[in-house]
Structure formats: C-alpha cells, structure tokens
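The lines below spell out each chain.
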Amino acid sequence: DASMRVRVRLARLGTRYVLLLAEDRTEAFRLDEVRRDFVANISHELKTPIAAVGLLAEALEQAADEPVQVRRFASRLTTESGRLTRLTQEIIELSRLQAQDALTEPELLNVDTIVASAVDLSRVVADAAKITIAVGKKSGALVNGDERLLVMAVHNLVANAVNYSPEGARVGVGVRRNDGVVEITVTDQGVGIQEADLERIFERFFRVDQARSRHTGGTGLGLSIVKHVVQIHGGDIRVWSQPGSGSTFTIRLPEAPHPAPAAIGDTP
Ligand code: ADP
C-alpha cells in the first residue's frame with residue numbers, strides 16, 4: 001500500500017536511516033514479487049490463444065480444398081485473434097494503471113455523459129441478448145478525472161452485467177450524489193457471485209467460471225482494471241451479490257464542485 005510506505009518513511013526520517021532503507025527494500029521486494037506473478041500469469045494466459053491460432057492456421061492450410069471447413073477454421077481464427085488482441089490491450093492498460101498512483105492532468109467531467117457513453121458501447125451486445133439497459137435520471141454530478149478511463153471502467157461493469165445475465169433480463173445504471181460522493185451503480189438480474197468468490201473477483205485473471213468467461217470473450221482483467229481506474233481517481237468500488245438473483249456494483253468517486261458562474265462584467 002503506497003500511503004503506508006510513505007508514512008513509515010516520514011516517521012523514521014533522520015533518526016533511523018538504516019531501518020528506513022530496510023523498509024524500502026522490503027517494499028521493493030514485494031513489488032518485484034507482484035510483477036513476477038503478473039508476468040507468470042500473462043505467459044500462462046497467452047499460451048492458450050497463441051497455440052490455438054497456430055493450430056487453426058495449420059488446419060486451414062490442410063483444408064484448402066474444402067470450402068466449408070475453410071470457413072469454419074477461418075471464423076475460429078478470427079475469434080482467437082480477437083481474444084489475443086483484447087488480452088494484449090488489457091494487459092498493457094493494466095500495467096500502465098499499476099504504475100500510476102494518481103492522475104497527472106484531471107479534467108472536469110460530467111458523470112451523466114460518462115455513463116451515457118459507457119452504456120452506448122454495450123448496446124449492440126445487449127440488443128443481441130434482448131437485454132434492456134435502463135439508465136436512471138440525470139444527476140448533474142461532476143468529477144475530476146480522465147474521461148477515457150472512466151468510460152472504460154463503467155463500460156466494463158455494464159458489459160459484465162450484460163454478459164452474466166440471461167436473455168431478456170434488465171440491467172439498471174444509475175448516478176446519485178450523496179454528501180460529496182458520486183455513486184455510479186450498475187445492477188443486474190444475472191447469475192450472481194458466491195460470497196467466497198466476491199473478494200477475489202477484483203484479482204487479475206480471476207474468473208468464477210473459466211468456461212463461461214471464455215465463451216463470452218472475458219479475459220479476467222476487466223474488474224482489476226476498474227479497481228485501478230477508480231483508485232487513481234481517489235474513489236472505491238463495492239459489490240453486493242446474491243447467487244441466482246443478481247449483482248450490484250457501485251463505483252464511488254469524490255464529487256467535484258460546480259464552477260461558480262462568471263459574474264456579469266467579468267472579463268474572460
Ligand atoms: P471477465 O473478463 O472474466 O468478465 P472480470 O475481471 O470482468 O473478468 O470479472 C471477473 C469475474 O467476476 C468474471 O469472470 C465473473 O465470474 C465474475 N463477474 C464479474 N461481473 C459479474 C456479474 N455482473 N455477475 C456475475 N459474475 C460477475
């Protein structure tokens with residue numbers, strides 16, 4: 001935890017310099033371990049789609065005279081290369097986020113607009129599964145942040161809500177202002193998550209059901225990315241879930257004050 005590390009450093013500055021160095025090394029060692037784990041996970045996760053691409057290319061070569069087979073293998077090749085692309089993009093995104101404690105140039109953003117963009121990105125998949133996404137009324141809330149990252153975070157939650165819901169279900173998205181905090185809530189009536197898995201779903205590459213996640217094209221990195229995006233915005237994320245009846249994810253961000261309207265006669 002970065003804040004803890006700083007606190008230890010400040011408390012011991014000056015008097016116990018040697019101890020300070022020891023603390024630092026432990027922290028460096030821990031970070032190194034986290035990095036090594038990540039690299040090991042990545043290698044493992046990349047192996048399957050890379051092997052599949054190789055096998056499918058070989059099968060394509062051999063099936064050259066059989067158009068039906070060619071079409072089948074080519075379509076699977078497209079799926080696997082799409083998975084590889086997504087996986088690589090998300091790995092890069094996550095490693096960037098992990099190296100970041102805070103935003104460098106936050107902008108004043110309208111939360112309703114962020115939510116609308118995130119929901120738009122999920123429309124096609126939702127329509128295909130006859131899932132209705134209901135967006136609540138406008139909140140007028142503002143936050144300081146990075147628009148691309150926040151849209152991505154909310155979109156990840158909405159996409160999960162759609163992916164883990166049965167056909168015809170309803171997904172609800174809402175924004176509330178609550179005492180200086182902006183709450184973005186995504187609710188679904190899907191499969192839900194068992195209590196034992198709840199604390200693990202934010203871990204990199206963790207999936208409750210490998211087969212299902214793979215089928216929907218999941219990488220297991222989505223929620224980990226969401227958690228990091230929310231953290232560098234000074235917020236947090238919470239989840240409630242009931243297996244069999246659905247889940248609710250809530251992102252909480254510090255609300256930014258509305259800029260004071262310029263007085264008449266002010267020069268820009
Ligand atoms: P994935 O790419 O597999 O969806 P995520 O990091 O987004 O990866 O989510 C991790 C796991 O948490 C998923 O594989 C799934 O098991 C579970 N999960 C996430 N969102 C939901 C949801 N809305 N309903 C049920 N399970 C969910």
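Every chain begins its residue count from 1, and numbering advances along the sequence as written. Reporting in this predicted model follows two pLDDT cut-offs: at least 70 for local features of residues, and 80 or more for side-chain atom pairs to be given and counted; totals over whole chains, interfaces and linings ignore these cut-offs and use all residues. With hydrogens and water set aside, each side-chain value is computed from the structure's full complement of heavy atoms.

- As recorded in an unreviewed UniProt entry, the protein chain goes by Sensor-like histidine kinase SenX3 and comes from Cryobacterium shii.
- UniProt positions are given in the numbering used here, feature names are shortened, and annotations may be inferred rather than shown by experiment. Listed in UniProt under the heading Subcellular location (unreviewed entry), the comment for the protein chain reads: "Cell membrane".
- Under the UniProt heading Cofactor (unreviewed entry), the note attached to the protein chain is "a divalent metal cation".

## Considerations on the sheet that holds strand 6 (residues 236-242)
Phase 1 of the analysis: At least two DSSP bridges between two strands are needed for those strands to be called paired. To qualify as a helix, a DSSP run of H or I must reach at least 4 residues; to qualify as a strand, a run of E must reach at least 2; elements of each kind are numbered from the N terminus. With respect to topology, five strands assemble into an open sheet ordered 2-4-5-7-6, the strand pairing being mixed. The outermost strands of the open sheet, each flanked by one partner alone, are strand 2 (132-135) and strand 6. If you compare each strand with its neighbour and ignore which way they point, the axes differ by 15° on average.
Phase 2 of the analysis: Contacts: residue pairs with any heavy atoms within 4.5 Å of one another. Simply put, an axis is a line fit to the C-alpha atoms, just over the touching stretch for a helix, and the angle between two N-to-C directions goes from 0 to 180 degrees. Strands strand 2, strand 4 (170-178) and strand 5 (181-188) of the sheet are contacted by helix 4 (residues 111-128), whose axis makes an angle of about 170° with strand 2.

## Some words on the pairing of strand 7 (residues 246-254)
Phase 1 of the analysis: Remark: exposure states derive from per-residue accessible area (1.4 Å probe, protein chains only) relative to the maximum for the residue type, with buried under 20%, exposed over 50%, and partly exposed in between. For strand 7, a buried count of seven out of nine residues is recorded, marking the element as mostly surrounded by other parts of the structure.
Phase 2 of the analysis: By the bridge criterion, eight bridges tie strand 5 to strand 7 in an arrangement that is antiparallel. If you follow Thr187 over to strand 7, its bridge partner there is Thr248.
Phase 3 of the analysis: Of the strand pairs in this sheet, strand 6 and strand 7 are connected by seven bridges, and their pairing is antiparallel. Bridge pairing links Gln242 to Gly246 in strand 7.
Phase 4 of the analysis: Counting the residues between successive antiparallel strands, the hairpin from strand 6 to strand 7 contains three residues, one of them, Gly244, with a positive phi of roughly 90°.

## Examining the side chain of Thr248
Phase 1 of the analysis: You can see Thr248 is positioned in strand 7.
Phase 2 of the analysis: Pairs of N or O atoms within 3.5 Å make up the polar contacts considered here, provided that, within protein, one atom can donate a hydrogen while the other can accept it, and that residues adjacent in sequence are counted only when both atoms are side-chain atoms. A distance of 3.4 Å separates polar atoms of two side chains, one belonging to Thr248 and the other to Thr187.
Phase 3 of the analysis: Other than its neighbours up to four places away in sequence, Thr248 contacts Thr185, Val186, Thr187, Arg238, Val239 and Trp240.

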